[in-house]
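# Structural features, examined
Residue-level listing of the chains:
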Amino acid sequence: MVQKSDQARAHEIAESFDWLDPELRADMDKEYEAYSLLQRSPRERSRKTNEWYFVGHEECREAFQKAELFSNDIYAVDNPHGITSTIPANTDGPEQRVYRKMLDPMFNPQSMERLEEDIRRFAVELMEPIAAGEKTEFVEAFAMPFPTIIFCRLMGFPMDDHPKIMRWIDIYMNSQSPYIVKRLRITEVDDMGRPLPEVARKLAEDAGTEISQYLGDLLSQRRQSPQDDILSALLAARRPDGEPMTEDELTKICFNLFLGGLDKVTGMLAMIILDFAQRSDRRSAFIEVMDNPELVGPAVEELIRFHSIVTIPRRVTTDCEFRGVKLRENDIVELMTTAACRDEARFAGADELDYGRSPNPHLAFGVGWHRCLGIHLARREVRIALQEIHRLMPT
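Given the structure is predicted, the values throughout are model-derived calculations rather than measurements. (Residues numbered from 1 in each chain as written. Predicted model: local features only at pLDDT ≥ 70, side-chain atom pairs only at ≥ 80, totals over all residues. Heavy atoms only, no water.)

## Regarding the pairing of strand β3 (residues 311-316)
Counting buried positions along β3 yields five of six residues, so the element is predominantly enclosed. Of the strand pairs in this sheet, strand β2 (residues 70-71) and β3 are connected by two bridges, and their pairing is antiparallel. Bridge assignment links S71 to a residue of β3, and that residue is R315. Sheet topology note: the β3/strand β6 (residues 332-336) ladder contains five bridges and is antiparallel. What sits directly across from T311, in β6, is M336. (Buried < 20%, exposed > 50% of the residue type's maximum accessible area, 1.4 Å probe, protein only. Helix = DSSP H or I, 4+ residues; strand = E, 2+ residues; numbered from the N terminus. Pairing = 2+ DSSP bridges.)

See the structure below:
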């Protein structure tokens, strides 16, 4: 039974909760303590963000699977940050299924296996100067460029464009981080170091225009000169009626791949390496299994569970009661996989790494029709990055 003091603390956290709050994210122990309190208490809408936060594994899993109730089309009613709507991420139902059936073969395990040598080569090229040096900033030197370079290779983007792409990702995905704000040299910020709403909106709109123009130019080039890449595959893809996709569809799909293919791996690698630096026993245990084909897969999956970083918004499609929570049409619900993947009600010893954990039904990549399209690439990138990091820097 939850103690009254814990209930009071949970209520205080819930009514002012904001998962982008820098103070919450600055202390991981306090962050996960907050999630634990919220998991054991009734759900409340945050007065600060006017959103609901689902933190339990089962409620998140069920919400992911009920797309008819929790829509991905979150910008249908309100878009205060000027974010570009994408395909298939912001589509639902039969429309979404059509796009996924065209896209899934491009990202299946067999297709991603062909990238193995390139991924390993990129990892080594980035790690060798880091291993030879005395000190470096891991995120800037490795965690950010690594998935970006791979993404450029897969999509068919010019390899030298990865610094520009990383800047766009910072604006679109990370501009609420005070650290990124400083790197972007944004000076108009609130008292928490985040850009003012009007500033954030203009940044996103301007970046969205630049990205769309960039993608349009590349698609035009591929029409004239097809290559062995995703851009060319998209142009060759056909809808069920035999028709090619429109320019708008192609641009929105590329935009979706652009945003979804980079930030998650960067975040997970940063969290894993930070944890390994603080807990050498966890690092040593991983090194012991990293070259064992039977053990390294479950070990990587456990690291992904433990360091899940994704919070995914959904829009409620109709007034309803869901697991005792009364929701209204167009309410925004944030599905917090960061918390759900550490839910003791689903994972025994959730706050400990168990490299042999089985089964491991984590939600780091979502579940259901909208499960992450790049799941097979992300797993491969994390595995190869950790293997090469520890081969070049074993101590």
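Let us keep going from here.
## Quick notes on unusual backbone geometry
Along the chain, I87 connects to P88 via a cis peptide bond; the corresponding omega equals 0°. Considering the arrangement of structural elements, one finds P88 in the loop between β2 and α5 (93-103). Each neighbour pair has its own omega, and for S358 with P359 the value is -5°, a cis peptide bond. With respect to the helices and strands, the residue P359 is situated in the loop between α18 (337-340) and α19 (375-392). Here N50, not a glycine, exhibits a phi torsion of approximately 65°, which is positive. Among the secondary structure elements, N50 is positioned in the loop between α3 (28-39) and β1 (52-54).

## Comments concerning the pairing of β6
Counting buried residues along β6, five of its five residues qualify, which places the element largely inside the surrounding structure. Burial of β6 is two-sided: the residues I332, E334 and M336 facing one way and the residues V333 and L335 facing the other way are all buried.

## Considering empty space enclosed by the protein
Applying the stated criterion across every chain yields a total of one cavity of 30 Å³ or more. Taken as a whole, the largest cavity encloses approximately 70 Å³ of empty space. Around the largest cavity, the lining residues are A14, F17, L38, P42, R43, E44, Y53 and V55. Its residues assigned to classes, the lining of the largest cavity shows six nonpolar, no polar and two charged. (1 Å grid on protein atoms, 1.4 Å probe; cavity = no way out; pocket = protein on both sides within 12 Å on 5 of 7 lines; lining within 4 Å. Points joined across faces, edges and corners; volume = space filled by probe spheres on them. Nonpolar A, V, L, I, M, F, W, Y, C, P; charged D, E, K, R; others polar.)

## Section: helix α4 (residues 57-65)
Those residues of α4 not exposed but buried are H57, E59, C60, E62, A63 and F64. Looking at the buried positions of α4, the neighbouring elements they touch are β1, β2, β3, β4 (320-322), β6 and α18. (Contact = heavy atoms within 4.5 Å.)

## Thoughts on the nonpolar core
Within the largest apolar cluster, 99 residues are counted, with the highest numbers of intra-cluster contacts made by F54, F142, F157, L234, L269, F286 and L327. A per-element tally of this core places α19 first, with eight residues. Residues within four places of F142 in sequence aside, it is in contact with A123, L126, M127, I130, P147, L269, A385 and I389. The next biggest cluster of nonpolar side chains, apart from the first, holds twelve residues, and it includes A14, F17, Y32 and A339. (Core = buried A, V, L, I, M, F, W, Y, C linked by side-chain atoms within 4.5 Å.)

## A few points about the packing of aromatic side chains
The relative placement of two aromatic rings is captured by the distance of their centres and the angle of their planes. Per the stated rule, a full pass over the model turns up 13 aromatic pairs. Each ring, one from F54 and one from F322, has its centre 5.6 Å from the other, and the planes form 10°; the classification is stacked. Residue F54 is located in strand β1, and its partner F322 is located in strand β4; the two are separated by 268 residues in the primary sequence. The residues F54 and F322 share a single accessibility class, namely buried. Three or more aromatic residues joined by ring pairs form one cluster here, namely F17, Y32, Y35 and Y53. (Phe/Tyr/Trp six-rings, centres within 6.5 Å; stacked < 30°, edge-to-face > 60°.)

## As for the environment of R183
On the secondary structure map, R183 appears in helix α11 (residues 178-183). Using a relative accessible area of 26% as the deciding quantity, one classes R183 as partly exposed. Between the alpha carbons of R183 and D170 there is a distance of 9.1 Å; along the sequence they are 13 residues apart. Not counting chain neighbours up to four residues away, the residues in contact with R183 comprise E140, M144 and D170.

## Things to note about the environment of V98
For V98, the position within the fold is in helix α5. On a C-alpha basis, the gap between V98 and P88 in space is 9.1 Å, while along the polypeptide they are ten residues apart. Other than its neighbours up to four places away in sequence, V98 contacts R239 and P240.

## Thoughts on the packing of helix α10 (residues 162-174) against helix α14 (residues 247-260)
Between α10 and α14, the shortest axis-to-axis distance is 10 Å and the interhelical angle comes to 85°. Classified by the interaxial angle, the pair formed by α10 and α14 is roughly perpendicular. Residues I165, W168, I169, Y172 and M173 of α10 pack against F255, F258 and L259 of α14. Of the residues contributing to the contact of α10 with α14, the split by class is eight nonpolar, no polar and no charged. (Axes fitted to C-alpha atoms, helices over the stretch in contact; angles between N-to-C directions. Parallel < 35°, antiparallel > 145°, perpendicular 65-115°, else oblique.)

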